Amino acid sequence: MKRTPHLLAIQSHVVFGHAGNSAAVFPMQRVGVNVWPLNTVQFSNHTQYGQWTGEVLAPEQIPALVEGIAAIGELGNCDAVLSGYLGSAAQGRAILTGVARIKVANPKALYLCDPVMGHPEKGCIVAPEVSQFLLEEAAAVADLMCPNQLELDSFSGRKAQSLLDCLAMARALLARGPKAVLVKHLAYPGKPDDSFEMLLVTADGSWHLRRPLLAFPRQPVGVGDLTSGLFLARILLGDSLVAAFEFTAAAVHEVLLETQACASYELELVRAQDRIAHPRVRFEAVPISL
Ligand SMILES: Nc1ncnc2c1ncn2[C@@H]1O[C@H](COP(=O)(O)OP(=O)(O)O)[C@@H](O)[C@H]1O
Ligand SMILES: Cc1ncc(COP(=O)(O)O)c(C=O)c1O
Ligand SMILES: [Mg+2]
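Residues numbered from 1 in each chain as written. Chains lettered and ligands numbered in written order. Predicted model: local features only at pLDDT ≥ 70, side-chain atom pairs only at ≥ 80, totals over all residues. Heavy atoms only, no water.

Draft legend 1. The site of ligand 2, seen in detail. Surrounding ligand 2, one finds Ser12, Ala19, Gly20, His46, Thr47, Gln48, Val221, Gly222, Val223, Gly224 and Asp225. Gly224 places a main-chain nitrogen or oxygen 3.2 Å from an oxygen atom of ligand 2. At 3.0 Å, a side-chain N or O of Asp225 approaches an oxygen atom of ligand 2. Relative to its unbound accessible surface of 390 Å², ligand 2 loses 89% to contact with the protein. Looking at which element gives the most residues to the shell around ligand 2, the answer is helix 7 (residues 223–236), with three residues. (Near = heavy atom within 4 Å. Polar contact = N/O pair within 3.5 Å; in protein donor to acceptor, adjacent residues only side chain to side chain. Areas by Shrake-Rupley, 256 points an atom, 1.4 Å probe, with all protein chains shown as cover. Helix = DSSP H or I, 4+ residues; strand = E, 2+ residues; numbered from the N terminus.)

Take a look at the structure:
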């Protein structure tokens, strides 16, 4: 029997609704991965509501929890680490310490870094030290990176001018160390208004994918976290990078269709669970080159 992969997911938790681990853990479990959630914050709800209660985990707790798993002899079973929103560069460095410890226990373990920087227009931006940490320290260690356009622009220090420009920017990030860069959400002058686009860039090639842009009265939150979680889960389950990319686009689109049909602001993950595991739609990743 094939072994079920294990994945340590280090990101935020919200009590109500879906963002961070609260958007990613259940879908990753639903597709067949054992998830070890390590919650960097526990908030009442995601920050786009403009108000919340809760606490941030002290950075030293991250390596301490990893050591606890090592002490019971389970760390070698960790196949991957996923990290998302960071409260501080110190929390980021604590994650890298944990990743290094896990790579000693299991040299094949993968690290996916979602370099969450938030949206200035949504009033959620990270400190410059966090952006700098992500580019200068996390990119060198990460096997996979999943920025959105804003994060890619921030890494490049300029705004993308075209699709080929996005490709060049993703390649520049790839050159800093990751084996693959998934741009979860493209934005560039000339992009068709009715499409939502993503890009996958690896040493072997680059692929572009389009899916329909759905209308929402308020943009749902947690879509990026769902995207990076499913992408890593499918890679652990044996998909190629391109197959994982296509699966992720389809499964996320299914969640958004369900969410739109329910006129819900929060992602309808429970209602969409069978569609996550077995997406009915399919989007093709089309090879592109400079
Ligand atoms: N097919 C779609 N139609 C409409 N909006 C979408 C679609 N797919 C994703 N979105 C929205 O696009 C945004 C996701 O991209 P972005 O915000 O750049 O990434 P992240 O979720 O990591 O912040 C979210 O606001 C999400 O709700
Ligand atoms: C607590 C928390 N975690 C993570 C996120 C990231 O969500 P997204 O996937 O939409 O970038 C947010 C967004 O508001 C949040 O409030
Ligand atoms: Mg995000």
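Draft legend 2. Seen up close, the side chain of Arg211. Mapped onto the elements of the fold, Arg211 is located in strand 9 (residues 205–212). The buried charged residue Arg211 lacks any salt bridge, with Glu254 as its nearest oppositely charged partner at 10 Å. If near-sequence neighbours (up to four positions away) are discounted, Arg211 is found in contact with Asp194, Ser195, Phe196, Met198, Ala249, Val252, His253, Leu256 and Phe283. (Buried < 20%, exposed > 50% of the residue type's maximum accessible area, 1.4 Å probe, protein only. Lys, Arg positive; Asp, Glu negative; His and termini not counted. Salt bridge = Lys/Arg side-chain N within 4 Å of Asp/Glu carboxyl O. Contact = heavy atoms within 4.5 Å.)

Draft legend 3. Region of interest: the UniProt feature "binding site: substrate" (unreviewed entry) in the protein. Annotation from UniProt places "binding site: substrate" (unreviewed entry) at Ser12, Thr47, Gln48 and Asp225. We classify Thr47 as partly exposed; its relative accessible area is 24%. Here Gln48 shows up in the loop between strand 2 (34–43) and strand 3 (54–56). (UniProt positions renumbered as here; feature names shortened; annotations may be inferred.)

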